[in-house]
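So you can see what is in the structure, the chains are spelled out below.
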Amino acid sequence: METPAAKAKPQNRLLVSTTLDAKDELEERLDRCMAIVSSLIAGQSEREANDSLTAHVCKGSQQHEEVCLGLFTLLLMEPAQAQRSYRDLTLVNRDGMNVILMKINQILMEKFLKLQDVCRTQLVWLVRELVKSGVIGADGVCMTLMKQIAGGDVSAKNIWLAENVLDILVEQREWVLKNGMLVAMSVYTYLRLIVDHHGTPPLLALRQREVDFCIGLLREKFMECFIIGRDLVRLLQNVARIPEMEQLWRDLLHSPQTLSPQFTGESHCVLQLLTSRTSRKFLACRLTPDMETKLLFMTSRVRFGQQKRYQDWFQRQYLSTADSQSLRCDLIRYICGVVHPSNEVLSSDILPRWAIIGWLLTTCTSNVAASNAKLALFYDWLFFNPEKDSIMNIEPAILVMHHSMKPHPAITATLLDFMCRIIPHFYPPLEAHVRQGVFNSLTFIMEKRVLAHLAPLFDNPKLDRELRAMLRDRFPEFCSSPSPPVEVKMEESVSLEMDNHVSDKEDGCYDNMEAAFSDDEEELNSKGKKREFRFHPIKEAIVEEPADITPYVDQLDETLKEKVLQLQKESDTEMQCEVMQEIVDLILEEDFDSEQMSTLASCLAELFKGHFRGDVLPEEITEESLEESVCKPVCLVFRNLCQMQEDNSGFSVLLDMLAELYQKQPKIGYHLLYYLKASKAGVGRMCLYESFAQATALGDLHTCLMMDMKACQEDDVRLLCYLTPSIYSEFPDETLRSGELLNMIVAVIDSTQLQELLCHVMMGTLVMFRKDSVLNILIQSLDWETFEQYSTWQLFLAHSIPIETIIPILQHLKYKEHPEALSCLLLQLRREKPSEEMVKMVLSRPCHTEDQFTTSILRHWAAKHDDVLAEHIKALLIKNNSLPRKRQSLRSSSSKLAQLTLEQILEHLDNLRLSLSNTKLNFFSQTPILQALQHVQASCDEAHKMRFSDLFSLAEEYEDSSSKPPKSRRKAAVSSPRSRKGAAPPASNEEESASSSASEEEDSKPKAPKRKRKGSSAVGSDSD
């Protein structure tokens, strides 16, 4: 009786879920591992349990991972067994807790918000124990845990987390001081949190502890904190009125030698800090993973003009409280310093950064928050150095001002005013430096053609006179009127810039804007046509930071350490490859210590980070260029793997090496796919990727493949298109069963790349759909963007899949919501000869005056395939007429999908009759149609007879003409406006017996098409 309960209970013990949530794969896996451990230790003493766990671990790496994760889950879910579980974990683990550290990081980044309260408490307890034990990698877990402390949030859970993490850092101060990056990250985090903690006595007590902690680290380890850069000064400014911080400021400004002997002279320290760019990792650490994911989604997937609902959600979730005012600075610094879109994104219609920042500025409800937000926006301007700093950091501010001029001139005015006033007031002794920084920023903006001219912005009549005068006084160089516009030539490496214009019709605050240039930028050329200045996407010059492997290299044995250091020193690629081969040979030796694998992977990931930047695929694809592109040191691991058999002992070792490297550098996955396709050594070895996927922490081919293709999509669209044919052909079960990969592709390709994929499909080298799943994929695509849907339909139509396979999609299509699918389907149906199923699906669409789909395709078929269409309609009319009315109404109301009813058919036929009324087509004079209408009229109620009287009148005329002698009938047919030549030949009417009509009506089933016409007995169906 216990087993079902044990299986059911953990469903909601780790993660909070509702009945609507799907089962979480991670939770299920952890439950399975916990069940394995529970079965091993059930009913045993501690020593026997330890022996059982040790014996199970020795069976292999999979069993080792199962036991470790099982004990980890037991520790989270059962606080009473936590101490014992942790002790067992330290005894049985063989990888320095690496499996546990990775799982903790995964939970912190992906599942922390869903954790049950008990599990959350236990997770923090476990981190404390790992830190106490001095486990290598615990510093990384601490930094990830700190990232979960949200800024601008004083809820009980968030304060609890801030207090507990602070307890760990204070208790293990000596351990913290040994890790420079952890010192800097801790100071950055808690300096920022101090601002939020005020008001109530508990918060003031916490703030005092945070102040003491930060002051202690800043005074004792100032040079470690110095690496933060200019944002350290910004955070210290926010807390400058706290007495301890005030004293620190005095030392910073007047006696920096007390903080570090490296400083000499006043203000030298502050100036050095302000001229140092803050690393992205610090700016990103003040956003929780969930905030970061939502912001990145908005800046990479949301179309400009469709952002309102996403912004509303974000505001409700994170910006709705008074305390959240301080969070806006973190968001703006993150957008300016971390979110640097690629050229493809900049030249698309994706929501631009300036629009999000403009929206954030308009949500500030206090003057202090607004001033701090503006300072965060302009902070990189103040000491900007073109040689060190990135144009992408200063671009959003100028674009917010530029695009706000027409719809929101007040925003532009307040930002320009702030830019002018910050120069003398930021720090008077450094006024000259600030002025030069702002001047450098504006000059660089002009050089990079972010804006063609600044005069329309600085000397705009929409600004008040005082502000324009101040701008002319501060920046006379940029206020002169521009010369007549000259067509801006695009550099070869720069694609067309986004047409992100702002609509003057929009009165909202950056919530639903459309595109339109301001009048000041539109001038007439000599031919009277408007010429627009377009600012161009800027390709950021990547500042190559030297590889820092110091934290890892000392953990390697001497031989391996020597080779890694040699690899670091070598600059020649060929020599690097030789050294890398020697490292691979060392790994493959039998006496290689596998515990060094993770450390070695960290070194290689750091050394090879330059290899993962930029485009992988050569500009011109030739056999030589492809082979040259895979001659990188990291590819040596791939090559050795390709040359081995799967039963070779070294094969699994190299897979483990790649799996470790994958943890440090996720791009390794799609680089392996590229190598297997592009290199000669990889020909026919694409199956190696499956082995690689199973060796990773993900352990699942589908998940791994989708993650790698997503990473490829974000980094290099050309490479994504290059890999697509191979991925679909080698992994059909993973790619064809859902639309996940297809959506990734159509979301980023342009028209040229779409045409290339169509050619691959036509040549048979690419299959993106199969009959058993195509309908579901097309239904999934109904929620995609317009271009994505059109691309999907074009790719589908390039395949030779019968239209009958996907015709049921018509039941899901609504004319206002799915115009893309309806238009593509309409164009395809017009090429087809109608089958009964097609006609049935077309007629089953609900009738609506604005929905012309059914009428248009029926009209086309009536012109091209009148006889076939008439027979199918006759069959459907007679079949639906034979059903009882009550059963029809029940059938139509009980299903979510549209069902065909007699009334629907008659409505569509009546619409078709009206559409054909002024044409020469004689569709309604065909015998099958008239016979079917007679059949329906004879048994339908008076309401339907009245409603469709014009339609039934066609059958009455046919009845009249049938009952007269042949000659007079011919005259009647000629004279009747509704009975045209389609009603002839008349003589054949008298050849068919009355019994055939009677039997047909009795069976109520459509017969095979006959060219003969029925006699007058077909009309006399009153008995029915």
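What you see is a predicted model, and the numbers here were worked out from it, not measured in a lab.

Digging into the environment of V434
Positionally, V434 belongs in helix α26 (residues 431-447). Its relative accessible area of 0% is what places V434 among the buried residues. With 51 residues separating them along the chain, V434 and F383 place their C-alpha atoms 5.7 Å apart. What V434 contacts, discounting residues up to four positions off in sequence, is L382, F383, I422, I423 and F426.

Focus: a negative patch on the surface
Taken together, the side chains of D557, E558, E562, D585, E589, E590, D591, D593 and E595 make up a negatively charged region of the molecular surface. Here D585 shows up in helix α31 (residues 573-588).

Considerations on the packing of helix α8 (residues 138-147) against helix α11 (residues 180-194)
The N-to-C vectors of α8 and α11 enclose an angle of 10°; their axes lie 10 Å apart at closest approach. It follows from the interaxial angle that α8 and α11 lie roughly parallel. The chirality of how α8 crosses α11 is left-handed. Here D139, C142, M143 and M146 of α8 lie close against α11, whose contacting residues are M181, L182, M185, S186, T189 and Y190.

What to know about the pattern of salt bridges
Summed over the entire model, instances satisfying the criterion amount to 42 salt bridges. The residue D380 makes a salt bridge to R230 at a minimum N-O spacing of 2.7 Å. Taken together, the residues D380 in the loop between α23 (367-378) and α24 (391-404) and R230 in helix α14 (residues 230-238) connect sequence positions 150 residues apart. R230 carries the same exposure label as D380, and that label is buried. When salt bridges that share partners are traced, they join R230, D231, R234, R333, D380 and D389 into one network.

Describing the nonpolar core
Residues L191, M245, W381, I398 and F458 are the most contacted members of the largest nonpolar core, which totals 181 residues. Here the element with the most residues in this core is α11; it accounts for ten residues. Every residue in contact with M245, bar those within four places of it in the chain, is listed here: L191, I194, V211, C214, I215, L236, V239 and A240. Judged by nonpolar contacts, the second largest core, of 141 residues, contains L626, C642, L825 and L900.

A closer look at the packing of aromatic side chains
The full count for this structure, using the stated rule, is 24 aromatic pairs. Ring plane angle 70° and centroid distance 5.1 Å describe the contact between F378 and W381, whose orientation is recorded as edge-to-face. Like F378, the residue W381 is buried in the burial classification. Put simply, the rings of W313, F314, Y318 and W359 pair up and form one aromatic cluster. Its guanidinium or amino end placed over the ring of F112, R120 lies 4.8 Å from that ring's centre, counting from NZ or CZ. Here the guanidinium or amino end of K677 rests over the ring plane of Y722, the centre of that ring lying 4.3 Å away.

Reading the values: rules and limits
Residues numbered from 1 in each chain as written. Predicted model: local features only at pLDDT ≥ 70, side-chain atom pairs only at ≥ 80, totals over all residues. Heavy atoms only, no water. Helix = DSSP H or I, 4+ residues; strand = E, 2+ residues; numbered from the N terminus. Buried < 20%, exposed > 50% of the residue type's maximum accessible area, 1.4 Å probe, protein only. Contact = heavy atoms within 4.5 Å. Patch = residues over 30% accessible without salt bridge, like charges linked within 9 Å, V, L, I, M, F, W, Y side chains within 5 Å. Areas by Shrake-Rupley, 256 points an atom, 1.4 Å probe, with all protein chains shown as cover. Salt bridge = Lys/Arg side-chain N within 4 Å of Asp/Glu carboxyl O. Lys, Arg positive; Asp, Glu negative; His and termini not counted. Charge placed at Lys NZ, Arg CZ, Asp CG, Glu CD. Axes fitted to C-alpha atoms, helices over the stretch in contact; angles between N-to-C directions. Parallel < 35°, antiparallel > 145°, perpendicular 65-115°, else oblique. Left-handed = near helix turned anticlockwise from the far one by under 90°. Core = buried A, V, L, I, M, F, W, Y, C linked by side-chain atoms within 4.5 Å. Phe/Tyr/Trp six-rings, centres within 6.5 Å; stacked < 30°, edge-to-face > 60°. Lys NZ or Arg CZ within 6 Å of the ring centre and 35° of its normal.

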